[in-house]
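Structure at a glance
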Amino acid sequence: QVQLVESEGGLVQPGGSLRLSCVASGSIFSFTTMGWYRQAPGKERELVASITSGSSTNYADSVKGRFIISRDNAKKSVYLQMNSLKPEDTAVYYCNQRITFTGVDYWGKGTLVTVSS
């Protein structure tokens, strides 16, 4: 059974940085695309960033140049380095794993990131 466990988010001041991590179990990690999504209050869940098994990355326009996604296949982990955080980045952030051969998605429980002074 696939499990994704995110690190704790937290409260960050505008302009600050935070690194999220997600550890996966129960899947062949190297054959997956990993992603981070977020959902702000009253809004739909949206893709923040994704990284393929070949380490190709994709970012939402709103985070380009500020966020960096990376993965460590040996540790079965994916990371999201968030810099220059803005209040509009406040959301619950979800780790996502998509199995390459089946297209099946798995989700973490989510972690709250609040950007506020």
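As a reminder, the structure under discussion sits directly above these lines.
A short tour of the structure in this document, coming up. On a predicted model such as this, the values are computed, not experimentally measured, just so you know.

Moving on, we get to the overall build of the protein chain. For the protein chain, the count of helices and strands is zero helices and 11 strands. Order of helices (α) and strands (β) in the protein chain, N terminus to C terminus: β-β-β-β-β-β-β-β-β-β-β. For the protein chain, buried positions account for 39% of its 117 residues. In the protein chain, of all internal contacts separated by at least 6 residues, the share reaching a separation of at least 24 is 55%. A total accessible area of about 6400 Å² is found for the protein chain, and carbon and sulfur atoms account for 50% of it. A distance of 4 Å separates the average location of the 12 positive side-chain charges in the protein chain from that of its 9 negative side-chain charges.

So, on to the side chain of threonine 32. Along the chain, the position of threonine 32 falls in strand β4 (residues 32–39). Using a relative accessible area of 0% as the deciding quantity, one classes threonine 32 as buried. In contact with threonine 32, other than residues within four places in its own chain, are Ser27, Ile51, Thr52, Ser53, Arg71, Gln97, Arg98, Ile99 and Thr100.

On the secondary structure map, asparagine 96 appears in strand β9 (residues 91–99). Here aspartate 105 takes part through its side chain, which lies 3.4 Å from a polar atom of the side chain of asparagine 96. Non-local contacts of asparagine 96, meaning those with residues more than four positions away in its chain, are made with Leu4, Thr33, Met34, Gly35, Tyr37, Asp105, Tyr106 and Trp107.

What follows deals with a nonpolar patch on the surface. Together, Ile28, Phe31 and Phe101 give the surface a local cluster of nonpolar side chains, amounting to about 370 Å² of exposed area. Its place among the elements puts isoleucine 28 in the loop between β3 (18–25) and β4. Among the residues examined, isoleucine 28 registers a relative accessible area of 57% and is labelled exposed.

Rules of the game
Residues numbered from 1 in each chain as written. Predicted model: local features only at pLDDT ≥ 70, side-chain atom pairs only at ≥ 80, totals over all residues. Heavy atoms only, no water. Helix = DSSP H or I, 4+ residues; strand = E, 2+ residues; numbered from the N terminus. Buried < 20%, exposed > 50% of the residue type's maximum accessible area, 1.4 Å probe, protein only. Contact = heavy atoms within 4.5 Å. Areas by Shrake-Rupley, 256 points an atom, 1.4 Å probe, with all protein chains shown as cover. Lys, Arg positive; Asp, Glu negative; His and termini not counted. Charge placed at Lys NZ, Arg CZ, Asp CG, Glu CD. Polar contact = N/O pair within 3.5 Å; in protein donor to acceptor, adjacent residues only side chain to side chain. Patch = residues over 30% accessible without salt bridge, like charges linked within 9 Å, V, L, I, M, F, W, Y side chains within 5 Å. Salt bridge = Lys/Arg side-chain N within 4 Å of Asp/Glu carboxyl O.

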